[in-house]
Amino acid sequence: AYRRRTGQTITLDPLGAANALSLTTQVSAKTIFLTDGKSHILRICGIDIQLIHASPKKLAGAGSSVGLIIQALRYFGARMVPDDALQALSKRLTNKDVKALRALKNKTLLSLIPHIDRILKHVSVH
């Protein structure tokens, strides 16, 4: 509702996305989302939700299942994403998701491209 009212792009932060996709059991002590709006804290029903401004490359695919995967890849940072995690992500992709991931690949951070290529490689193996 907040996203619709403000017109902002909003997506889970990398840790939240990785947790939502069961790639980690770590949970943030704070509820954090990324936005193309100004950074601020939104209080809803006594819960503080931190909205952090992020660049368009960090918001690629926001609001879609592919965007969630891109955020989860950001959780791993410069570390190598484990093969089992990439395989699990590739199994979640529909044909439509594969097309969207290919389209977003060059609109996100350069550091994610090798990970996205590895996911797409696993998809083509199925």
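The model shown is predicted, which means the values in this text are computed figures rather than measured ones.

A. Representation of unusual backbone geometry within the structure. With a phi close to 60 degrees, Ser22 is a non-glycine residue in the positive phi region. Within the element layout of this structure, Ser22 appears in the loop between helix H2 (14-20) and strand S2 (31-35). A residue is classified by how much of its surface remains accessible, and Ser22, at 62% relative accessible area, is exposed. Here Cys45, not a glycine, exhibits a phi torsion of approximately 50 degrees, which is positive. Assignment of secondary structure puts Cys45 in the loop between strand S3 (40-44) and strand S4 (47-53). A residue is classified by how much of its surface remains accessible, and Cys45, at 78% relative accessible area, is exposed.

B. Examining the nonpolar core more closely. Residues Leu23, Leu73, Leu101 and Ile119 are the most contacted members of the largest nonpolar core, which totals 26 residues. Of all the secondary-structure elements, those providing two or more residues to this core are H2, helix H3 (65-76), helix H4 (83-92), helix H5 (95-104) and helix H6 (113-125). A total of 7 residues in this core trace back to one element, the largest contributor, which is H3. Those residues in contact with Ile119 that lie beyond four places of it in its chain are Ile69, Leu73, Leu86, Leu89, Ser90, Leu93 and Leu101.

C. Molecular detail of the sheet that holds S2. Here 4 strands make up an open sheet; going across it, the order is S1-S2-S4-S3 and the pairing mixed. The sheet is open, and its two borders are formed by strand S1 (10-12) and S3, each paired with just one other strand. Pairs of neighbouring strands in the sheet enclose a mean axial angle of 35 degrees, with direction left out of account. As defined by bridge partners, S3 adjoins S4 across 5 bridges and the pair is classed as antiparallel. When the sheet's bridge partners are listed, Arg43 is paired in S4 with Asp48.

D. Seen up close, the pattern of salt bridges. Across all of its chains, the model carries 3 salt bridges by this definition. One salt bridge in this structure joins Asp48 and Arg43, with 3.4 Å as the shortest N-O distance. Owing to a relative accessible area of 58%, Arg43 belongs among the exposed residues under this scheme.

E. Structural detail: the environment of Leu15. With respect to the element layout, Leu15 can be found in helix H2. Taking the relative accessible area as the measure of exposure, Leu15 reaches 19% and is therefore buried. A sequence separation of 35 residues divides Leu15 from Gln50, and the C-alpha atoms of the two residues are 14 Å apart. For Leu15, the residues in contact, after removing those within four places along its chain, are Thr24, Gln26, Val27, Ser28 and Tyr75.

F. Region of the structure containing the environment of Leu104. For Leu104, the position within the fold is in helix H5. Between the C-alpha atoms of Leu104 and Gly61, which are 43 residues apart in sequence, the distance is 6.9 Å. Leaving out residues up to four positions away in the same chain, Leu104 has contacts with Ala60, Gly61, Val66 and Ile70.

G. Spotlight on the pairing of S2. As judged from the 3 bridges shared by S1 and S2, these two strands associate in the antiparallel manner. Of the residues in S2, the one forming a bridge with Thr11 is Leu34. With 5 bridges connecting them, S2 and S4 associate as parallel partners. Looking at S4, one finds that Thr31 is bridged to Ile49.

What counts as what
Residues numbered from 1 in each chain as written. Predicted model: local features only at pLDDT ≥ 70, side-chain atom pairs only at ≥ 80, totals over all residues. Heavy atoms only, no water. Helix = DSSP H or I, 4+ residues; strand = E, 2+ residues; numbered from the N terminus. Buried < 20%, exposed > 50% of the residue type's maximum accessible area, 1.4 Å probe, protein only. Core = buried A, V, L, I, M, F, W, Y, C linked by side-chain atoms within 4.5 Å. Contact = heavy atoms within 4.5 Å. Pairing = 2+ DSSP bridges. Axes fitted to C-alpha atoms, helices over the stretch in contact; angles between N-to-C directions. Salt bridge = Lys/Arg side-chain N within 4 Å of Asp/Glu carboxyl O.

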